[in-house]
Each structure stands twice: as C-alpha cells, then as structure tokens.
Number of protein chains: 2
Amino acid sequence: MDYYGSYITKLIDELKKLPGVGGKLAQRIAFHIIQLPGERADALAESITNAKRNVRYCSVCCNLTDADPCAVCSNSGRNPNEIMVVEDPRDMAAYERTNEFKGLYHVLHGAISPMNGIGPNDLRIGALLKRLQNKPADEVIIATNPNVEGEATAMYLNKILKPLEIKVTRIAHGVPVGGDLEYVDEVTLLRALQGRREM
Amino acid sequence: MDYYGSYITKLIDELKKLPGVGGKLAQRIAFHIIQLPGERADALAESITNAKRNVRYCSVCCNLTDADPCAVCSNSGRNPNEIMVVEDPRDMAAYERTNEFKGLYHVLHGAISPMNGIGPNDLRIGALLKRLQNKPADEVIIATNPNVEGEATAMYLNKILKPLEIKVTRIAHGVPVGGDLEYVDEVTLLRALQGRREM
C-alpha cells in the first residue's frame with residue numbers, strides 16, 4: 001500500500017535502485033530530502049542531471065571527464081611514457097592521492113570476468129592497444145585489483161602487450177602498511193615472501 | 001584535488017550530504033548515475049524535485065502528504081475517536097502495515113530530546129492539543145519509540161493530555177515476537193514481566 005502519497009513513494013523507488021541503498025536507507029534519504037530547503041533539493045537534482053549530461057569518456061585514457069582530453073592527459077608536466085592501467089576511475093583517483101605517480105593512466109572500466117559474462121571486448125582494451133600502436137610507451141604498469149578478475153585481466157594484458165615489445169609490470173603484492181601480520185591471509189603472506197627485497 | 005572533473009565532484013559532494021551516505025558510497029552512486037541511461041538519471045532528478053515541491057504537511061495529522069487532508073485522515077471508514085501519536089511518518093507506515101489499527105494518526109516529527117535541543121515546542125504537540133480541543137477523541141495511543149526520548153515524550157504528552165479528560169494509553173513493552181529470551185536485554189525482560197497478562 002502507498003502510505004506516503006505518490007511523490008514520496010516514487011522518490012523512494014528511484015533511490016532504492018541506487019547501489020548500496022536498501023529500502024530503509026531510501027526512506028531515510030527521501031524524508032531527509034523533503035525536509036531540505038528548496039534550493040538544496042534543487043542543487044541535488046541539478047547535480048545529477050548535469051553530471052549525466054556533461055560527463056563523457058576521455059578520448060585518450062577513457063577516464064570519465066568533462067573536458068576532452070581529461071585534466072591528466074592534457075597536463076604537459078606528466079610523463080607520457082609510463083601508462084598505468086586501472087579498472088576504474090576510482091582506482092585512478094586512489095593512485096592520484098599518493099601524489100607519486102607522474103605518468104598517464106588508462107581506464108578499462110571493469111575487469112575480465114567470465115562469471116559475469118565480461119570478456120576483453122567489453123573493456124577498453126582495444127583503445128589501449130590503438131593508443132600504444134600510435135604512440136608507444138616505455139612501460140605499462142598494470143594496477144588492476146588484486147582479486148581473481150583483476151589477475152585474469154593482468155595476465156591477458158601481459159599476453160597481448162608482449163608482442164609490442166613494451167615493458168609490462170604489475171604492482172607489488174604484499175602485506176599492507178600498518179597492518180598486523182597475524183590477520184593477513186595466507187596468500188598475501190606467501191606473495192609478500194615471494195616478493196621480498198634486499199634491504 | 002579534483003580527480004574526476006567538476007561535474008562528478010559536485011555530484012559526489014551533494015550525495016555525501018545525504019544521511020547514511022559516506023564518501024565511498026557517494027562515489028559508487030555517482031559513477032552508477034553516470035552509467036545510467038539518460039532518462040533513468042532524469043527520472044531520479046525529477047522525483048527529487050517533485051517530492052520536494054509537492055509534498056506538504058496534512059493540516060489534520062501533520063503527516064507528509066501530497067493531498068490535504070491526507071489519505072488516512074480523509075478516509076471515512078476510519079475511527080476518528082482513536083488517535084495514535086507517532087514520532088515519524090515511517091512509524092505510521094510501520095503500523096499501517098499491520099493492517100489492524102483503524103483509527104487516525106498524529107505525527108510529531110521528532111521526540112523531546114534536551115541533549116539535541118529539541119523541546120516540546122519543536123514538535124507538533126500544539127497542533128495535537130488544538131486538534132483534540134476542536135474535536136475530542138476517546139483515546140490517544142502514544143506510540144513513540146521505546147527509547148529515552150520516546151519515553152520522555154510519552155510522559156510529557158500524558159501530563160498535558162490528562163486535563164482534557166481523554167484516555168491516554170501507551171503501546172506495550174515486552175519481548176519481541178520470534179525472538180529468543182536469552183538475547184533480550186534486562187530492561188525489556190523486566191518490562192515484559194511487569195506487563196504480564198492472564199492467559
């Protein structure tokens with residue numbers, strides 16, 4: 001039954017479709033929106049419409065951007081000979097926050113996952129190949145996630161990039177900084193041992 | 001730094017202001033919205049604007065509604081002599097889902113909470129008094145939450161409604177149905193004992 005009237009019910013239904021938002025949270029957000037001052041609610045609605053309308057993919061690195069090429073690709077202070085391949089724009093942002101990597105990125109928008117029916121052709125791998133054929137890089141750093149899908153994607157990329165005679169590297173696996181060895185899983189401990197370095 | 005471009009950053013900022021939505025969830029929702037088909041994103045934005053513009057308070061029970069009086073208050077099949085006082089429209093919806101209560105409601109929009117600076121004048125208690133003075137009811141059922149604020153509100157309402165010679169009742173406290181006694185807290189167990197009824 002419709003306890004709240006059609007407008008609130010419609011809002012709750014729309015909110016429930018968002019990832020990570022269940023029925024209870026959708027209700028809570030809906031009532032919060034109704035209590036907001038009119039201009040704050042309009043600002044939220046506008047930011048949704050604007051983001052959807054004005055955001056597109058960077059023609060170089062496939063990152064989401066409102067200017068093409070994106071801010072990173074058009075920054076002449078960055079090294080175009082190092083390309084870091086990530087699954088997601090959020091992974092790129094995570095590396096940007098380290099303030100250390102000064103190369104460029106390539107965003108795949110996912111990882112190979114036969115379970116979910118995602119193959120190499122569903123990712124921006126073709127765009128990466130074309131990019132490297134047009135303008136070869138010295139090194140491609142594969143920074144896909146350290147899970148099954150990310151590893152599969154890394155192996156696939158390594159296989160298809162080898163013939164281009166580009167150095168392909170993978171970010172290191174090991175124990176996270178600040179962690180406690182006792183709580184680290186066995187696979188990570190093993191990888192940390194295998195990847196040990198002279199001090 | 002602005003890793004995503006201004007439109008995405010603005011959307012993430014707006015989403016972060018919502019209750020229960022932290023930085024990570026805001027990012028996840030923002031990227032979900034950008035991947036949506038245009039009309040789905042527009043539907044979400046419209047539902048926000050529409051709900052904010054068209055929803056107001058019912059002049060009788062103070063519930064949120066798009067028609068005044070609301071669907072419950074204007075339903076002639078309901079008993080106007082029983083009024084259930086709740087804190088929130090969601091509490092009203094919870095009781096409506098039981099399909100048992102056939103009286104009317106009064107929504108306070110909060111509970112007395114000196115810690116948060118919320119006193120009786122910040123709630124719709126004046127509207128309740130005026131409503132009862134214009135059209136006395138046989139019984140007022142206080143269904144505020146079973147926590148400190150809800151109990152304080154119930155006691156306050158009882159005190160100010162007593163002079164009107166209306167029967168004031170409080171919903172029962174006790175062990176929840178389907179629970180396991182072992183995991184019920186002491187206060188609830190005590191209340192359940194005090195409220196025992198002959199079988």
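Residues numbered from 1 in each chain as written. Chains lettered and ligands numbered in written order. Predicted model: local features only at pLDDT ≥ 70, side-chain atom pairs only at ≥ 80, totals over all residues. Heavy atoms only, no water.

Structural notes on the overall build of chain A
1) Next: Summing up its helical and strand segments, chain A has 7 helices and 6 strands in all.
2) Next: Listed N to C, the secondary structure of chain A is α-α-α-β-β-β-α-β-α-β-α-β-α in terms of helices and strands.
3) Next: Against the 2.2 N^0.38 benchmark of 16 Å for 199 residues, chain A shows a C-alpha radius of gyration of 22 Å, more extended than a compact globule.
4) Next: Considered along the principal axes of its C-alpha atoms, chain A spans approximately 65 × 45 × 35 Å.
5) Next: Contacts in chain A between residues at least 24 apart in sequence constitute 50% of all its contacts with a sequence separation of at least 6.
6) Next: Counting only carbon and sulfur atoms, one obtains 52% of the accessible surface of chain A, whose full area is about 11200 Å².
7) Next: Within chain A, the 25 negative side-chain charges are centred at a point lying 4 Å from the centre of the 24 positive side-chain charges. (Helix = DSSP H or I, 4+ residues; strand = E, 2+ residues; numbered from the N terminus. Rg over C-alpha atoms; globule rule 2.2 N^0.38 Å. Contact = heavy atoms within 4.5 Å. Areas by Shrake-Rupley, 256 points an atom, 1.4 Å probe, with all protein chains shown as cover. Lys, Arg positive; Asp, Glu negative; His and termini not counted. Charge placed at Lys NZ, Arg CZ, Asp CG, Glu CD.)

Focus on the interface of chain B and chain A
1) Next: The interface is formed by 54 residues belonging to chain B together with 54 residues belonging to chain A.
2) Next: The largest contributions to the chain B side of the interface with chain A come from Tyr3, Tyr7 and Lys52 of chain B, which together make up 14% of the buried area.
3) Next: Of the charged contacts in the structure, one is a salt bridge between Asp42 of chain B and Arg53 of chain A, with a shortest N-O distance of 3.7 Å.
4) Next: At the boundary of chain B and chain A, one finds 10 residue pairs in polar contact (both at pLDDT 80 or more).
5) Next: Ranked by residue count, the leading element in the side of chain B that touches chain A is helix H3 (residues 38-54) of chain B, at 15 residues.
6) Next: Taken together, the residues of the side of chain B that touches chain A break down into 28 nonpolar, 14 polar and 12 charged. (Buried area = accessible area lost by both parts, 1.4 Å probe. Salt bridge = Lys/Arg side-chain N within 4 Å of Asp/Glu carboxyl O. Polar contact = N/O pair within 3.5 Å; in protein donor to acceptor, adjacent residues only side chain to side chain. Nonpolar A, V, L, I, M, F, W, Y, C, P; charged D, E, K, R; others polar.)

A look at the pairing of strand S4 (residues 103-107) of chain B
1) Next: Of all the 5 residues making up S4 of chain B, 5 are buried; the element is thus mostly covered by neighbouring parts of the structure.
2) Next: Of the crossover connections in this fold, the one passing from strand S3 (residues 79-86) of chain B over helix H4 (residues 89-97) of chain B to the parallel S4 of chain B is right-handed. (Buried < 20%, exposed > 50% of the residue type's maximum accessible area, 1.4 Å probe, protein only. Right-handed = clockwise from strand over helix to strand, strands pointing away.)

Topic: the sheet that holds S3 of chain B
Residue and element names in this part refer to chain B.
1) Next: Sheet architecture is open: 4 strands sit in the order S4-S3-S5-S6, paired in parallel fashion. Strands at the two margins of the open sheet, each flanked by one partner only, are S4 and strand S6 (167-170). Taken pair by pair, the neighbouring strands of this sheet meet at an average axis angle of 25 degrees, ignoring direction.
2) Next: Both S3 and strand S5 (residues 139-142) contribute to a ladder of 4 bridges, which runs parallel. Following the sheet pairing, Met84 is matched in S5 by Ile141.
3) Next: Helix-sheet contacts for helix H5 (residues 125-134) involve S3, S4 and S5, and the interaxial angle to S4 is about 145 degrees.
4) Next: Across the sheet, helix H6 (residues 148-161) lies against S3, S5 and S6, angled at about 170 degrees from S6, the strand it touches most. (Pairing = 2+ DSSP bridges. Axes fitted to C-alpha atoms, helices over the stretch in contact; angles between N-to-C directions.)

Focus: the packing of helix H5 (residues 125-134) of chain A against helix H6 (residues 148-161) of chain A
All names here are of chain A.
1) Next: It is at 12 Å that the axes of H5 and H6 come closest, and there the two elements cross at 30 degrees. The crossing of H5 and H6 is right-handed. Residues Ile125, Leu128, Leu129 and Leu132 of H5 lie in contact with H6, whose contacting residues are Tyr156, Leu157, Ile160 and Leu161.
2) Next: Among the residues forming the contact of H5 with H6, the class breakdown is 8 nonpolar, no polar and no charged. (Left-handed = near helix turned anticlockwise from the far one by under 90°.)

What to know about the sheet that holds strand S3 (residues 79-86) of chain A
Residue and element names in this part refer to chain A.
1) Next: Here 4 strands make up an open sheet; going across it, the order is S4-S3-S5-S6 and the pairing parallel. The open sheet has two edge strands, strand S4 (103-107) and strand S6 (167-170), and neither has a second partner. Going across the sheet, the axis of each strand differs from the next one's by a mean of 25 degrees, ignoring polarity.
2) Next: Note that strand S5 (residues 139-142) and S6 share 4 bridges and pair parallel. Looking at S6, one finds that Val140 is bridged to Val168.
3) Next: Across the sheet, H5 is in contact with S3, S4 and S5; its angle to S4 comes to roughly 145 degrees.

Description of the relation of the copies chain B and chain A
1) Next: Rotating chain B by 179 degrees about the axis while translating it 0.0 Å along that axis superimposes it on chain A, leaving an RMSD of 0.1 Å. With respect to symmetry, the two chain copies, as superposed, fit the operation of a two-fold axis. If distances are taken from each C-alpha of chain B to the rotation axis, the shortest is found for Ala45 of chain B, at 2.2 Å. (Least-squares fit on C-alpha atoms with pLDDT ≥ 70 in both.)

Here's the deal with the pattern of salt bridges
All names here are of chain A.
1) Next: Per the counting criterion, the structure on display carries 14 salt bridges over all chains.
2) Next: When the shortest N-O distance is used, the salt bridge between Glu96 and Arg78 registers 2.9 Å. Taken together, the positions of Glu96 in helix H4 (residues 89-97) and Arg78 in the loop between strand S2 (64-65) and S3 put the pair 18 residues apart, joining distant regions of the chain. Exposure class is identical for Glu96 and Arg78. Each is buried.
3) Next: As a salt-bridge pair, Glu139 and Lys167 come within 3.9 Å of each other at their nearest N and O atoms. Of this pair, Glu139 sits in strand S5 while Lys167 is found in strand S6, placing the two residues 28 residues apart along the sequence.
4) Next: Judged by relative accessible area, which is 15%, Glu139 ranks as buried.
5) Next: By relative accessible area, Lys167 is classed as exposed at 52%.

Concerning the confidence of the model for chain A
Residues and elements named next belong to chain A.
1) Next: When pLDDT is averaged across chain A, the result is 89; 99% of the residues are at 70 or more.
2) Next: Of all secondary-structure elements in chain A, the lowest mean pLDDT belongs to helix H7 (residues 186-194), at 81, while S4 reaches the highest, 94.
3) Next: We note a pTM of 0.73 for the whole complex and an ipTM of 0.73 for its interfaces. (pLDDT = per-residue confidence, 0-100.)

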